[in-house]
Every structure is written in structure tokens, then in C-alpha cells.
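# Chain and residue survey
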Amino acid sequence: MIKFNSDDLDNFLSVSDRAEAYLKAEKAYKDLCEGNIPGSEWLGWRRIVAEPDDAEIEEIVSYASAVRQNADIFIVCGIGGSYTGAMAVIRALNPHFGHNGPEILYAGHHMSGKYLSELIQYIGTPFEDGRKKSVYLNVISKSGTTLETALAFRQLRRWMHDNYEDAGKRIIATTGPSGGVLNKIIKAEGYKKYVIPDDVGGRFSVLTPVGLLPIAVAGIDIRTLFYGAVSCFRKESENIGNLFEYAAARYLLHEKGFAVDVIGTFEPELFGITAWIQQLIGESEGKDGMGLYPALSGFSTDLHSVGQLIQQGRRNICETLIVVDEPVSDYVVDEGNSEDTDQLNYLAGRPFHEINRSALQGTVLAHTEGGVPVFIIELDKLTAQGLGELIYFYELFTAVYVLMLGVNPFNQPGVEDYKKAMYSILGKK
Ligand code: PA5
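Now for a description of the structure that goes with this document. As the structure is a prediction and not an experimental result, all values here were calculated from the model.

## Overview of unusual backbone geometry
Note that the residue after F299, namely S300, is joined by a cis bond; omega there is 5°. Positionally, S300 belongs in the loop between strand 8 (293-298) and helix 13 (307-312). The backbone of D288 shows a phi angle near 55°, a positive value even though the residue is not glycine. One can find D288 in the loop between helix 12 (271-285) and strand 8. With a phi angle near 55°, Q343 is a residue other than glycine that sits in the positive phi range. Inspection of the secondary structure assignment puts Q343 in the loop between strand 9 (317-324) and helix 14 (352-369). A residue is classified by how much of its surface remains accessible, and Q343, at 61% relative accessible area, is exposed.

Right, dumping it as C-alpha cells:
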């Protein structure tokens, strides 16, 4: 279960303000449930957990297992909501070093020619024993027109067809039901296609084939991940008070003029998850002059960097820390020598997680005393189930909180502005 711990907010927000904002959160949720909201045509992220499509999940599990047997490399080609969720879950649950199954690489998430050409060189370089690498490519774009993804797909697709006779079977496309250039290419080439439902927006799509296929190829149990989200949905009415408190508190800080929410974690495994939360909240709330800028921090690394600014800089910052209750590892500090040469014997035998937890507790105390309200989001365990719960919790939180601001959580009209300017510079007709 996901918990919002509000113990440290009392110095910043009054009980009466919180009670009033809580009612506003309740109202936003009620409107959401009744579909009485701007963007009501985008509520598919709730529909998919309300009515799980087990047949689709099983098909993805079995297809991914075949890909795992044949692939050395699986490339996820997408940007924004079309790759952030998969990357987050894979980074959270797979080992830091090496890979269990195909190596998962990413493309189409920026326009660096250096990156793409080096990627192509890497996948084309045989193993030391001379064996050719077996590469699979998953292009993911709901619109099928996003330039970053389309350009990378053009290069990679050509490379795939130049290098494999069966390239058509190694390219998998995940896109909207119809329309878009990508659908035309899929039809012409006969690529395998997964559909992103019309009513699910990009950043809310990790539990569709957008995220599920790459996550399954990475060897993660997507049934458990998906049903973690389903269990969070099914227990929604029991636990929603916690989510309302969180939404109410963030809303009040927004109203008070806070400008930045530092989204951080002390578990490097969760850096991808904080990036997913950043994208989910930032693209949803940042419109009509609204929104807290969701900045990312990885701790304790950043305590030796922007930690100074968080502690003593301009006082318009709040902080969200994603915490895992159960230790993520049982690795302990070495015994050292009897002379205590490095003067660390007071930590000998103690688990790193305990030391990391002390750093977290110390940081919460220091930041709170320094005038930074801290939200703590706790998940019980770092498992597929826990991450599924966290994903659904944050999707619902984002929708409720952004509706409280009075804006549509599900569109991103501002994204078009850079595209128009860029296309005009590039001379696109
Ligand atoms: O949340 C969103 O809708 C965006 O972040 C999109 O996912 C992103 O722009 C990529 O779009 P597409 O999947 O159409 O290529």
C-alpha cells in the first residue's frame, strides 16, 4: 500500500486550511468519477484497471518471452510518455550492472546524431566470438508523428532491414488504433502492432502495451505489476483519504506561491521512477500559468550539490521523497581493522540501508527546519506489485490534484509551440 506521510507539514499548513483543501480534493475526485471534468475522454487509465484485459496481458507475456529467447538487444524507441514508464520500472527492478536477458537500449528520446550513430555502431558490432547481435526494435508513438521518435525509427528501421532478412519480424510497433504515418508503415511492412487505446494519454500509458511489452522483455512480471495497480484501484475507496491529504497539501503550497517541488529519493533504483513522476505531474499541471516545477534530485548524492540550495536558498521549494520501507538490500559495512584506521568502526556490521535511512531522516529534519515542507511517499517493498500500486496512486493523485487547480490534466497544448517554431526553422511544408 502507498502511504502519504504528513507528519512534518504542521509547521507550514494550518489544520483549517488543510480541512478546506481536503474537501476540494474530494470534490475533484467525485467529478472525476462522474466524468464531469475537462478531459473526460482521457480516463482510459482508470478503465484499464477497472476491466483488466487478461488476454492482452497473457499475449504480451508470451510474445515477450519469445523475444527474450531470441534477442541480445531490445531497443525501445519513444519519447515522453512513450518510454519514461518502461524505463522507470526496468531501472527499478533490474540489476544496476549487467542484464538478465536482452540488453534494453533507448532511442528516439532526443535528436542527438552522436548518440544514434554510436548506438547503431554498437548494435552492429559482433560479440567477441564473432557472433552477430540479435536486435529487436520496438517503436512506440501514439500519434505516430513525433519527430524525435520518427527520425530515430527511420535510421534504425533502415539498419534493421539492411542487417536482417527477417527484419519485418523483429520490428514491433506500438501506436494509436489508426491514423498517423506509423500506421501506414506498419500496414505496408506487416510489422507486429500493439494498440494504445484512444482514451489513454501518453504519460498515463505505462500499463498498456507501451510499458508492458518492454517491461516484460526485460524479464519483469507484468501480471504482478498490472495487478498491483488493479489492487490499488480496487482499494481506492478505503485508502483515498491519504491521497486527498497529499493533494490538499500540495495544492495549498501552490496557492501560497511555492514554485518548485524537488522530487527525490535515496534509492538510486528509483531515479527512473522520480523521472516518470516528474513527467506525469509536470506535463499535466503546467498550463494556464499553474504548476510547481518538478525538479529531480538523487540523494544522498545531491546533498553535496543542490542540497545547499534546498537547505538555504530562496524559500519557495517543497520536496517529495519516495521511500521504500523494506530494505532493498542487506549489504553490510565491513568489520575493518582493530586500529580503526579509517575511523569507521562505529559503523562496522551495520547495513547500508540503515545508514541510508539515517541520512534520509537527517535530511527530512534539516530541510523541514530550513523551511522546506517535505512530502513523504512510502511504498512497502520494491517489487512489481509495489510499483504497480505506486503507478496507479500517482496517476490518480495527478488527476485529482491538477483538477483542483482548475486545469485539464490530460492535454499538453504548450508542447505544440516548440514544434511549430522548430518546423518553421527546418522548413517543413
Ligand atoms: O504525455 C504525453 O502525451 C506525451 O509525453 C507523449 O507521450 C509524448 O509527446 C510522445 O508522444 P507520441 O507517443 O505521440 O510520440
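Now, onward.
## Focus: the packing of aromatic side chains
Aromatic rings in a pair are described by how distant their centres are and how their planes are angled relative to each other. Counted according to the given criterion, the structure contains 23 aromatic pairs. Note on W159 and Y164: the rings are 5.8 Å apart at their centroids and 75° apart in plane angle, and the pair reads as edge-to-face. By relative accessible area, W159 is classed as buried at 11%. The aromatic ring of Y164 is capped on one face by R170, whose charged end is 4.1 Å from the ring centroid. The ring of Y63 is capped by K192, whose NZ or CZ atom sits 4.7 Å from the centre of that ring.

## Some words on a nonpolar patch on the surface
Taken together, M111, L151 and Y418 make up a surface patch of nonpolar side chains, about 270 Å² in accessible area. Here L151 is to be found in helix 6 (residues 147-163).

## Side note on the site of the ligand
Around the ligand there are 13 residues in total, and S82, S141, K142, S143 and T146 lie nearest to it. In this structure, an oxygen atom belonging to the ligand sits 2.7 Å away from a side-chain N or O atom of S141. Taking S143, its side chain carries an N or O atom lying 2.7 Å from an oxygen atom of the ligand. Burial of the ligand by the protein chains amounts to 87% of its free accessible area of 390 Å². When each cavity is represented as a set of grid points, the ligand is found to reside in the largest pocket. Taken together, the residues of the shell around the ligand break down into one nonpolar, nine polar and three charged.

What counts and how
Residues numbered from 1 in each chain as written. Predicted model: local features only at pLDDT ≥ 70, side-chain atom pairs only at ≥ 80, totals over all residues. Heavy atoms only, no water. Helix = DSSP H or I, 4+ residues; strand = E, 2+ residues; numbered from the N terminus. Buried < 20%, exposed > 50% of the residue type's maximum accessible area, 1.4 Å probe, protein only. Phe/Tyr/Trp six-rings, centres within 6.5 Å; stacked < 30°, edge-to-face > 60°. Lys NZ or Arg CZ within 6 Å of the ring centre and 35° of its normal. Patch = residues over 30% accessible without salt bridge, like charges linked within 9 Å, V, L, I, M, F, W, Y side chains within 5 Å. Areas by Shrake-Rupley, 256 points an atom, 1.4 Å probe, with all protein chains shown as cover. Salt bridge = Lys/Arg side-chain N within 4 Å of Asp/Glu carboxyl O. Near = heavy atom within 4 Å. Polar contact = N/O pair within 3.5 Å; in protein donor to acceptor, adjacent residues only side chain to side chain. 1 Å grid on protein atoms, 1.4 Å probe; cavity = no way out; pocket = protein on both sides within 12 Å on 5 of 7 lines; lining within 4 Å. Sits in = over half its atoms within 2 Å of the grid points. Nonpolar A, V, L, I, M, F, W, Y, C, P; charged D, E, K, R; others polar.

All we've got here are geometric facts, nothing functional implied.
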